[in-house]
Amino acid sequence: MATAANTTAGPAKDGAPAPNAPAPPKTLNGIVKQVLSGDTVVIRATKGAPPPEKQITFSHVLAPKLARRPGAGGDETKDEPWAWESREFLRSKLVGAEVTFTFDKPANSNREYGFVWLGKDKETGENVVESIVREGLVTVRREGRPTPEQQTLIELEDQARAANRGKWAHNVNAADKVRNIKWAHENPAHIVDIYGGKPVKAIIEHVRDGSTVRAFLLPEFHYITLMISGIRCPGVKLDADGKPDLSVKVPYADEARYYVETRLLQRDVEIRLESVNNSNFIGTILYPKGNIAESLLREGLAKCVDWSMAVMKTGADKLRAAERVAKEKRLRQWQDYQAKTPTFNSKEKDFTGTVVEVFNGDAINVRLANGQVKKVFFSSIRPPRDQRAVVGTDGEEIVKAPPRGKNYRPLYEIPHMFDAREFLRKKLINKKVQCNLDYISPLRDNFPEKHCYTVLIGGQNVAEAMVAKGLATCVRYRQDDDQRSSAYDQLIAAEQQAIKGLKGLHAKKDNATLRVNDLTVEHSRIKVQYLPSWQRALRTEAIVEFAASGSRLRLYVPKDSCLVTFLLAGISCPRSSRPALNGIPAQEGEPFGDEALTYTRERVLQRDVSVHIDTTDKAGSSVIGWLWTDQNINLSVALVEEGLAEVHFSAEKSEYYRLLKSAEDRAKAAKKNIWANYVEQVPEEKVVVEEDKDEKVVVERKVNYENVIVTEITENLTFFAQSVDNGPKLETLMSKLHADFQANPPIAGSYTPKRGDLVAAQFTFDNQWYRAKVERIQGNNASVLYIDYGNKETLPISRLAALPPAFSSEKPHATEYALALIALPADNEDKEEALRAFSDDVLNHKVQLNVELKVGGGPHLATLHDPTTKTDLGKQLVADGLVLVEKRRERRLKELVEQYRTAQEAALAAHLAIWKYGDITQDDAPEFR
């Protein structure tokens, strides 16, 4: 901080004006720009931009010297006592104020000395020099014959001494009036963390350019260089050595600096620290009239900067809006601005629709209310890309990845591409979204024109949610390119958070590809490796990836990580038309083939479905089975019901044959689609009678509680239970089994198990032998199910032995059940919480079990009750908001289903657990709330 003070006596030595100077001092008016110390101010003229300035040192007084920072023209010095107080006295009184001042410059001095009065008239204005002397904050020079002005100052100083004011106070420790200034910071980020994004009081000490200042943070006196967040003003041109080249005038640089000086220099402000850049801080400056960055942008003196705008906690949208004002008015830096954003009609720009298909992480198909389907690209983001491509600093591909083989599937082979697609599929498919058009990307490099939108669901930006999870990156633009998302700043901020959290694409670990077994190509593995387990399973969860016709689909089976071609069983569906592809001419479809394809696509494409696979086709290249939609509707029956398929003779041996025939009869009667010209046959009377009889059958719910102990819970919320009544019988069985193996221990390696065998297995925890069933053999290890307890384990084959015949005839003591009417939430964390709560309630506890519904080929559906309180434990999970109620239509369960739904509605109304953000059956994504 520069100071001005006379250090020697006499006018000839220090340049102070002589008492009898021949020329009277000049009197002028101006505005105080800056206070350099307790005896020196900088005054600027009232006209000009920027106006001329003059530095005035007060006559006849000497102020304590302020500290000097290291490197500022010398070594570091500390404050003299009371230096800061004297500077602050003048700053609070003078900065920005209009003053009258007199000055003269002695012939042998480089300084101009004078007096300063507040206001436009020195006769009525306060004499500032007298005021600071009166406060005891400066020392009056007493050498030589005093002038009248000097004599007045001496008298005022004597009064201040007598009154113990300021530096003349006897009861004040001088050391307490010296600041402890922190000029440098070894860890600037730590300073940002200390203040935690909260505004901190500060004084702006220097304006380097319109967007860079130096300031003291109070009361700790951290001295910082601050770059204003989100903007950049024109600055001084640097020479080859990196030093300011004042000979080069940069347009609007002086005007921007002057604009900031008149509003911020030596003013009380608040600074919100937001980040660091090398040794400089990045933050927002708030002054009484608002955010200085907004003001600069609105005047066309600054431009938005994406990289620093990304660190802003709030207000980025206001900066963009302020910049738009300057652009529209073509102010200063924007005087030659030409808008590049094309105009759109309202129908094209904004619309609402339902998402029907998701592409590989960057686009969706949206069906409008009129049935039209539009392809919508997400604005300003990129999905995961082939890692073999060479990418520049701006995110653009400099060298594209070399081509892959014909069976290359980027969805699965590009790291995180499948995760991005699944994120969008689970959150958007069949959901309503609002699409706001941002820009149209023109045809380029054989890529078609793209309409790029900001897509909102529940008011939240889908692209922002993707970027926040590290499943997409932001496109980088030239500073003058307006072809970007309307929420671009939020996207950049979300990307910064994802990078900081090492999420998705930004994780340090290697991004492995998803290993998928493509059975649409490797047909030979279907019958040998997969078909048996699929046939044994009651239902297998899958995702419909593609629909080739109404009854021909491509499925992805997550459990087995494989792709397989799937044919709907029991029906014959008309062939759909096919476009020309790879030299193969287009093919016309059969009547209603395209309608059947559309019906199937609308109901199952990219939806979670469950299938039961019966067999393969003759070639063994496709599997044939039954498919249920996410609404638990049998798709074969639904197609027949709509007259878009007919029953195939192969369905006669199926358990669904009656449903199919009934559906076909209704379609024929209504003359739907393929049956439009069908002549209805009169059904036999006995059939009608039988159907009427069936309609009158009402099955009542039966309650027959059995005392059980729950021994195991699976990740799918099924559980194994032992009958309490059979407890002694089980203990006897185990005692005999343990005694038998203790007396006749098996020879390790003498037994070769096969899948499905009932064996004896030596449990790892206690090394005792138990009855088990071999579920899988892999190398020298076997996965077994302990049939009397329900737990599973993978063991070396050497720990398996043949089960003696005496122990093989007794039925398993642990029976697997599924918790009736309960469905787990889709979110993994919510699922874990539900399983943990259920485990706490029932695992290894005695409870009462009632079988509600017997299911062929799978675990029976059962409810569990606390024997003491009679509480339905499944319904309690629903009431606690931990699980959902499964959709069931059985008449016997109608009353129970209503009770469960009432509990679920209460949990939803109270926003408990999985319902804390609202109805997840409409949208279960926390990012969209």
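Residues numbered from 1 in each chain as written. Predicted model: local features only at pLDDT ≥ 70, side-chain atom pairs only at ≥ 80, totals over all residues. Heavy atoms only, no water.

- Per an unreviewed UniProt entry, the recorded name for the protein is Staphylococcal nuclease domain-containing protein 1, and the organism is Drosophila hydei.
- UniProt's Subcellular location (unreviewed entry) comment on the protein is quoted here verbatim: "Cytoplasm". (UniProt positions renumbered as here; feature names shortened; annotations may be inferred.)

## Some thoughts on the overall build of the protein
Thinking step 1. Regarding its fold elements, the protein presents 23 helices and 45 strands.
Thinking step 2. What you see for the protein is a C-alpha radius of gyration of 41 Å, clearly larger than the 30 Å of a compact globule of 929 residues, by over 25%.
Thinking step 3. Referenced to the eigenvectors of the C-alpha coordinate spread, the extents of the protein come out at roughly 135 × 75 × 55 Å.
Thinking step 4. Taking all 929 residues of the protein together, the buried fraction comes to 46%.
Thinking step 5. Of all intrachain contacts in the protein linking residues separated by at least 6 positions in sequence, the fraction that spans at least 24 positions is 62%.
Thinking step 6. For the protein, the computed accessible surface area is about 48300 Å², with 49% contributed by carbon and sulfur atoms.
Thinking step 7. Computing the positive centroid from 130 side-chain charges and the negative centroid from 128, the protein places the two 3 Å apart. (Helix = DSSP H or I, 4+ residues; strand = E, 2+ residues; numbered from the N terminus. Rg over C-alpha atoms; globule rule 2.2 N^0.38 Å. Buried < 20%, exposed > 50% of the residue type's maximum accessible area, 1.4 Å probe, protein only. Contact = heavy atoms within 4.5 Å. Areas by Shrake-Rupley, 256 points an atom, 1.4 Å probe, with all protein chains shown as cover. Lys, Arg positive; Asp, Glu negative; His and termini not counted. Charge placed at Lys NZ, Arg CZ, Asp CG, Glu CD.)

## Some remarks on the nonpolar core
Thinking step 1. Counting residues in each nonpolar core, the largest one holds 42 residues, and the members touching the most others are Trp 534, Leu 555, Phe 566 and Leu 627.
Thinking step 2. No other element matches helix 17 (residues 635-641), which puts 5 residues into this core.
Thinking step 3. Beyond its immediate stretch of four places on either side in the chain, Leu 627 contacts Val 544, Leu 553, Leu 555, Phe 566, Leu 568, Val 604, Val 609, Ser 610, Val 611, Ile 633, Asn 634 and Leu 635. (Core = buried A, V, L, I, M, F, W, Y, C linked by side-chain atoms within 4.5 Å.)

## Details of a positive patch on the surface
Thinking step 1. Taken together, the side chains of Arg 536, Arg 755, Lys 773 and Arg 776 define a basic patch exposed on the protein surface.
Thinking step 2. Counting through the fold element by element, Arg 776 comes out in strand 37 (residues 769-778).
Thinking step 3. Judged by its relative accessible area of 48%, Arg 776 is partly exposed. (Patch = residues over 30% accessible without salt bridge, like charges linked within 9 Å, V, L, I, M, F, W, Y side chains within 5 Å. Salt bridge = Lys/Arg side-chain N within 4 Å of Asp/Glu carboxyl O.)

## Side note on the side chain of Asn 127
Thinking step 1. The residue Asn 127 is located in the loop between strand 6 (112-118) and helix 3 (128-134) in this model.
Thinking step 2. A residue is classified by how much of its surface remains accessible, and Asn 127, at 11% relative accessible area, is buried.
Thinking step 3. In this structure the side chain of Asn 127 is engaged in a polar contact, spanning 3.2 Å, whose partner is the backbone nitrogen of Glu 130.
Thinking step 4. Those residues in contact with Asn 127, other than ones at most four positions away along the chain, are Phe 115, Val 116 and Trp 117. (Polar contact = N/O pair within 3.5 Å; in protein donor to acceptor, adjacent residues only side chain to side chain.)

## Things to note about the UniProt feature "domain: Tudor" (unreviewed entry) in the protein
Thinking step 1. UniProt feature "domain: Tudor" (unreviewed entry): in the numbering of this structure it lies at residues 752-810.
Thinking step 2. Between the end C-alpha atoms of residues 752-810 there is a gap of 23 Å, over a span that is 0% helix and 49% strand.

## Side note on the packing of aromatic side chains
Thinking step 1. According to the stated counting rule, one finds 26 aromatic pairs in the structure shown.
Thinking step 2. With 5.3 Å between their ring centres and 90° between their planes, Trp 84 and Phe 221 make a pair best called edge-to-face. Pair noted here: Trp 84 is in helix 2 (residues 83-94) and Phe 221 is in the loop between strand 9 (212-217) and strand 10 (222-228), with a separation of 137 residues, a long-range link. Like Phe 221, Trp 84 is buried.
Thinking step 3. Put simply, the rings of Trp 84, Trp 183, Phe 216, Phe 221 and Tyr 223 touch in pairs and so form one group of aromatic residues.
Thinking step 4. The ring of Trp 168 has Arg 161 lying over it, and the distance from NZ or CZ to the ring centre is 3.8 Å. (Phe/Tyr/Trp six-rings, centres within 6.5 Å; stacked < 30°, edge-to-face > 60°. Lys NZ or Arg CZ within 6 Å of the ring centre and 35° of its normal.)

## Quick look at helix 5 (residues 188-195)
Thinking step 1. Residues of helix 5 that are buried include every one of Pro 188, Ile 191, Val 192 and Tyr 195, and no others. For helix 5, the buried positions fall inside an angular range of 100° around the axis, keeping them on one side. Structural note: helix 5 exposes Asp 193 and Ile 194 on the side pointing more than 90 degrees away from its buried face.
Thinking step 2. Residues of helix 5 that are buried in the fold lie against strand 8 (200-209), strand 9, strand 10, strand 12 (268-277) and strand 13 (280-287). (Arc of directions from axis to C-beta.)

## Looking at the pairing of strand 41 (residues 814-819)
Thinking step 1. Pairing between strand 35 (residues 718-723) and strand 41: 5 bridges, direction antiparallel. Bridge pairing in strand 41 links Phe 719 to Tyr 817.
Thinking step 2. The pairing of strand 41 with strand 44 (residues 860-865) spans 3 bridges and is parallel. The partner of Ala 818 across the bridge, within strand 44, is Leu 861. (Pairing = 2+ DSSP bridges.)

## Brief notes about helix 12 (residues 417-428)
Thinking step 1. Taking 1.5 Å of rise per residue, 12 residues should cover 16 Å, and helix 12 covers 16 Å from first to last C-alpha, within 8% of that figure.
Thinking step 2. Within helix 12, 10 of the 12 residues are buried, leaving the element largely enclosed by the surrounding structure. (Expected span 1.5 Å × (residues − 1).)

## With respect to the confidence of the model for the protein
Close inspection of predicted coordinates is inappropriate in any region flagged by low pLDDT.
Thinking step 1. On average, the protein scores 86 in pLDDT, and the residues at 70 or more come to 90%.
Thinking step 2. The low-confidence segment residues 1-19 (pLDDT under 50) makes 54 contacts with residues lying over four places distant or belonging to another chain. (pLDDT = per-residue confidence, 0-100.)

## Quick word on the pattern of salt bridges
Thinking step 1. One pass over the structure, following the stated rule, counts 47 salt bridges.
Thinking step 2. Asp 306 is paired through a salt bridge with Arg 484; the nearest N and O atoms lie 3.0 Å apart. Here Asp 306 is found in helix 8 (residues 306-309), whereas its partner Arg 484 is found in the loop between strand 25 (473-474) and helix 14 (488-500), with 178 residues between them in sequence.
Thinking step 3. Glu 642 is the salt-bridge partner of Lys 672, the closest N and O atoms lying 3.8 Å from each other. Placement of Lys 672 in the loop between helix 18 (657-670) and helix 19 (685-696) and of Glu 642 in the loop between helix 17 and strand 33 (646-647) is noted, with a sequence separation of 30 residues between them.
Thinking step 4. A residue is classified by how much of its surface remains accessible, and Lys 672, at 28% relative accessible area, is partly exposed.
Thinking step 5. Salt bridges sharing partners connect three or more residues here, namely Arg 87, Glu 88, Arg 91, Glu 205 and Asp 268.

## Quick look at the side chain of Asn 850
Thinking step 1. Take Asn 850: it is sitting in strand 43 (residues 846-853).
Thinking step 2. Within the structure, Asn 850 has its side chain in polar contact with the side chain of Glu 852 (distance 2.9 Å).
Thinking step 3. Each residue touching Asn 850, except ones within four places of it in the same chain, is listed here: Arg 701, Lys 702, Val 703, Asn 704, Tyr 705, Leu 861, Ala 862 and Thr 863.

## A short note on the sheet that holds strand 35
Thinking step 1. Within the closed barrel, the 5 strands sit side by side as 34-35-41-44-43. Their pairing is mixed. In this sheet, adjacent strand axes meet at a mean angle of 60° when their direction is disregarded.
Thinking step 2. Relative to strand 43, strand 34 (residues 706-713) runs antiparallel, the two sharing 4 bridges. Across the sheet, residue Asn 707 finds its bridge partner in strand 43, namely Gln 848. (Axes fitted to C-alpha atoms, helices over the stretch in contact; angles between N-to-C directions.)

## Quick notes on the domain arrangement of the protein
Thinking step 1. Under the domain assignment used here, the protein contains domain 1 (26-177), domain 2 (188-334), domain 3 (351-386 + 411-421 + 434-502), domain 4 (517-578 + 589-675) and domain 5 (699-724 + 813-928).
Thinking step 2. For domain 3 versus domain 5, the distance between C-alpha centres works out to 38 Å. (Domains from an automatic or database assignment.)

## Here's the deal with the state of the cysteines
Thinking step 1. Under the defined criterion, the tally for this structure stands at 0 disulfides.
Thinking step 2. The closest cysteine sulfur to the non-disulfide-bonded Cys 474 is located on Cys 452, 14 Å from its own sulfur. (Disulfide = S-S within 2.5 Å.)

## Observations regarding unusual backbone geometry
Thinking step 1. For the bond from Leu 218 to Pro 219, the omega torsion is 5°, close enough to zero to count as cis.
Thinking step 2. As for its position among the elements, Pro 219 is in the loop between strand 9 and strand 10.
Thinking step 3. Phi is positive for Arg 332, close to 50°, though the residue is something other than glycine.
Thinking step 4. As for its position among the elements, Arg 332 is in the loop between helix 9 (316-329) and helix 10 (346-349).
Thinking step 5. For Arg 332, a relative accessible area of 25% gives the class partly exposed.
Thinking step 6. Of note, Asn 844 is a non-glycine position whose phi angle comes to about 65°, a positive value.
Thinking step 7. Structurally, the position occupied by Asn 844 is in the loop between helix 21 (828-842) and strand 43.
Thinking step 8. Here Asn 844 falls in the exposed class, since its relative accessible area comes to 57%.

## Description of the environment of Pro 251
Thinking step 1. Here Pro 251 is to be found in the loop between strand 11 (231-232) and helix 6 (253-264).
Thinking step 2. The sequence separation of Pro 251 and Arg 179 amounts to 72 residues, and the corresponding C-alpha distance is 39 Å.

## Observations concerning the sheet that holds strand 40 (residues 800-802)
Thinking step 1. With antiparallel pairing, 5 strands are arranged side by side in an open sheet as 39-38-37-36-40. Of all strands in the sheet, those with a lone pairing partner are strand 39 (792-796) and strand 40, marking the two edges. If you compare each strand with its neighbour and ignore which way they point, the axes differ by 50° on average.
Thinking step 2. Here 3 bridges tie strand 36 (residues 758-762) to strand 40, and the two strands are oriented antiparallel to one another. Looking at the pairing, Ala 761 lines up with Leu 800 of strand 40.
Thinking step 3. Contacting strand 36, strand 37 and strand 40, helix 20 (residues 727-743) crosses the sheet at an angle of about 75° to strand 37.

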